[in-house]
Amino acid sequence: MTKLTAKPEMKHGKFDLTGKTALITGAAGLLGTEHAAALLACGARVVLTDISDSALAAERDRLAVDFDSDFIMLRRMDVASQQEVTTVASSLAANGLRVDVLINNAAIDPKVKEEVGIVESSRLENFPLDQWNLQLAVGLTGAFLCSQVFGKAMAQDGKGGVILNIASDLSVFSPDQRLYRKPGLPEEMQPVKPVTYSVIKAGLVGLTRYLATYWPDRGVRANALSPGGVFNGQGEEFVQHLSALIPLGRMAGRDEYRSAVQFLCSDASSYMNGQNIVMDGGRSVW
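All of the points below concern the structure found in this document. Computed from a predicted structure; not experimentally measured.

### Here's the deal with the overall build of the chain
So, point 1. Within the chain one finds 8 helices and 7 strands.
So, point 2. For a compact globule of 286 residues, the expected C-alpha radius of gyration is about 19 Å, and the chain comes in at 19 Å, within 12% of that figure.
So, point 3. Projected onto its principal axes, the C-alpha coordinates of the chain cover approximately 60 × 40 × 35 Å.
So, point 4. Evaluated residue by residue, the chain yields a buried proportion of 48% over its 286 residues.
So, point 5. Long-range contacts, defined as pairs at least 24 residues apart, comprise 79% of the intrachain contacts of the chain with a sequence gap of at least 6.
So, point 6. Total accessible area on the chain stands at roughly 13600 Å², and carbon and sulfur atoms take up 54% of it.

Structure (structure tokens):
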């Protein structure tokens, strides 16, 4: 696994999150640990949540190489389960912890694969209803439930807080399906980025705008961060084709969103509310 690289601590000024608690959903995913590292560097306590206890433990061990493990808490939580979200909230409250920052990061990112069955089912004509329901439940309903439970608590005690929804550059434009084409396959067998991903990420931006105007008088702000493609060992051909669509000429490194997360989750962005920050190397400009 890629080793985390600690950045200089930012426990100063408006970036300081000392005494704050941040809860991250989907924390065992590609960017979840990066979000955690970003906030730990600012002095926050982080609560890592995901559906796998072993994956969470592995992420905690990675983070503990560079950060104090006393500031890292784990909670198994299925974001699509209202009961589990409520149980985690109650557990944290019982331990005297208030969630000041919520990062809705959990998602099922359907990868385009070459197996015939998966290729067939990725296409809109054949996309399974159970996959539509599952992926929306995790990526969109989960963000709603967590915002409902933790956002309500932020608003009720009058101390406010921050909700950050992790969307995607595909929240502002459609997938370029040419990136996924395989030579020699008939059209009906060509792989595509499934419809769910775009729908969920666009929906998260809509949820962000709604939340931004719902509790502002209680000090609760909501914004979205829309990352572009992150390099994670994808095939050379795919990387070259995608990089050609990006003005900066490359995919993002997995740690390149840390500073944006620090900004959006701290008082450094105290006058930013309801915005979708697109960080895609300029791809959406072309």
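Picking up after the structure, the text goes on.
### A word on the pairing of strand S2 (residues 45-50)
Look at any regular strand and the pattern is simple: side chains alternate between the two faces of the sheet.
So, point 1. Within S2, 5 of the 6 residues are buried, which leaves it mostly tucked inside the rest of the structure.
So, point 2. Summarising the sheet, strand S1 (residues 21-24) and S2 pair through 4 bridges and their orientation is parallel. By the bridge assignment for S2, Thr21 is matched with Arg45.
So, point 3. Crossover connection from S1 via helix H1 (residues 32-40) to parallel S2: handedness right-handed.

### Digging into the sheet that holds strand S3 (residues 72-76)
So, point 1. Pairing within the open sheet is parallel, and its 7 strands lie in the order S3-S2-S1-S4-S5-S6-S7. Only two strands of the sheet have a single neighbouring strand rather than two, namely S3 and strand S7 (276-279). Shown here is a sheet whose adjacent strand axes are inclined to one another by a mean of 20°, direction ignored.
So, point 2. In this structure, strand S4 (residues 101-104) lies alongside strand S5 (residues 161-166), joined through 4 bridges in parallel fashion. Across the sheet, Val101 pairs through a bridge with Val162, a residue of S5.
So, point 3. Each of S1, S2 and S3 is contacted by helix H3 (residues 82-94), which is oriented at about 145° to S3, the strand it contacts most.

### Observations concerning the packing of H3 against helix H5 (residues 129-156)
So, point 1. Two elements in contact, H3 and H5, have axes separated by 10 Å at closest approach and are oriented at 30°. Between H3 and H5, the angle falls in the class roughly parallel. In terms of crossing hand, the pair formed by H3 and H5 is right-handed. Every residue of H5 that contacts H3 at Gln82, Val85, Thr86, Val88, Ala89 and Leu92 is listed here: Leu145, Cys146, Gln148, Val149 and Phe150.

### Quick notes on the packing of aromatic side chains
So, point 1. One pass over the structure, following the stated rule, counts 3 aromatic pairs.
So, point 2. A connected cluster of aromatic rings, assembled from ring pairs, spans Tyr210, Tyr214 and Trp215.
So, point 3. The ring of Tyr197 carries the charged tip of Lys193 above its face, separated from the ring centre by 4.4 Å.

### A short note on the pattern of salt bridges
So, point 1. Counted according to the given criterion, the structure contains 12 salt bridges.
So, point 2. Where Glu59 meets Arg62, a salt bridge forms, and the shortest distance between an N and an O atom there is 3.1 Å. A residue pair is termed a helical-turn pair when its members lie 3 or 4 positions apart in one helix, as Glu59 and Arg62 do in helix H2 (residues 53-64) at 3 residues. Taken individually, Glu59 and Arg62 each receive the classification buried, so the pair is uniform in this respect.
So, point 3. Linked by salt bridges that have partners in common, Glu34, Arg254 and Arg258 make up one network.

Criteria and thresholds
Every chain is numbered independently, its residues counted from 1 as its sequence is written. Since the coordinates come from a predicted model, pLDDT governs what is reported: local features require at least 70, and pairs of side-chain atoms require 80 or more to be given and counted, while whole-chain, interface and lining totals use all residues. The side-chain values count all of the structure's non-hydrogen atoms but skip hydrogen atoms and water molecules. In this text, helices come from DSSP runs of H or I with a minimum length of four residues, and strands from runs of E with a minimum of two, each type numbered from the N-terminal end. Using C-alpha atoms as the atom set, the radius of gyration is obtained and then compared with a globule rule of 2.2 Å times the number of residues to the power 0.38. Only protein chains enter the area calculation, which uses a 1.4 Å probe; residues under 20% of their type maximum are buried, those over 50% are exposed, and those in between are partly exposed. By definition, residues are in contact when any of their heavy atoms lie within 4.5 Å. For the area figures, the Shrake-Rupley method with a 1.4 Å probe applies, and any residue is considered shielded solely by the protein chains shown. Here the rule is simple: two strands pair whenever DSSP picks up at least two bridges between them. The handedness of a crossover follows from its direction of travel: if, with the strands pointing away from the viewer, the path from the first strand over the helix to the second runs clockwise, the crossover is right-handed. Only the contacting stretch of a helix is used when fitting its axis, a line to C-alpha atoms as for every element, and angles between N-to-C directions run 0 to 180 degrees. Oblique is the label for any angle not covered by the other classes, which are roughly parallel (under 35 degrees), roughly antiparallel (over 145) and roughly perpendicular (65 to 115). By convention the crossing between two helices is left-handed if the near helix lies anticlockwise of the far one by an angle smaller than a right angle, and right-handed if it lies clockwise. Between rings of Phe, Tyr and Trp, where Trp is taken as its six-membered ring, a pair exists when centres lie within 6.5 Å; planes separated by under 30 degrees are stacked, by over 60 edge-to-face, and by other angles tilted. Note on criteria: charge over ring means Lys NZ or Arg CZ within 6 Å of the ring centre, with the direction from the centre no more than 35 degrees off the ring normal. For this document, the term salt bridge refers to a Lys or Arg side-chain nitrogen within 4 Å of an Asp or Glu carboxyl oxygen.

Function cannot be read off these values alone, since they describe shape.
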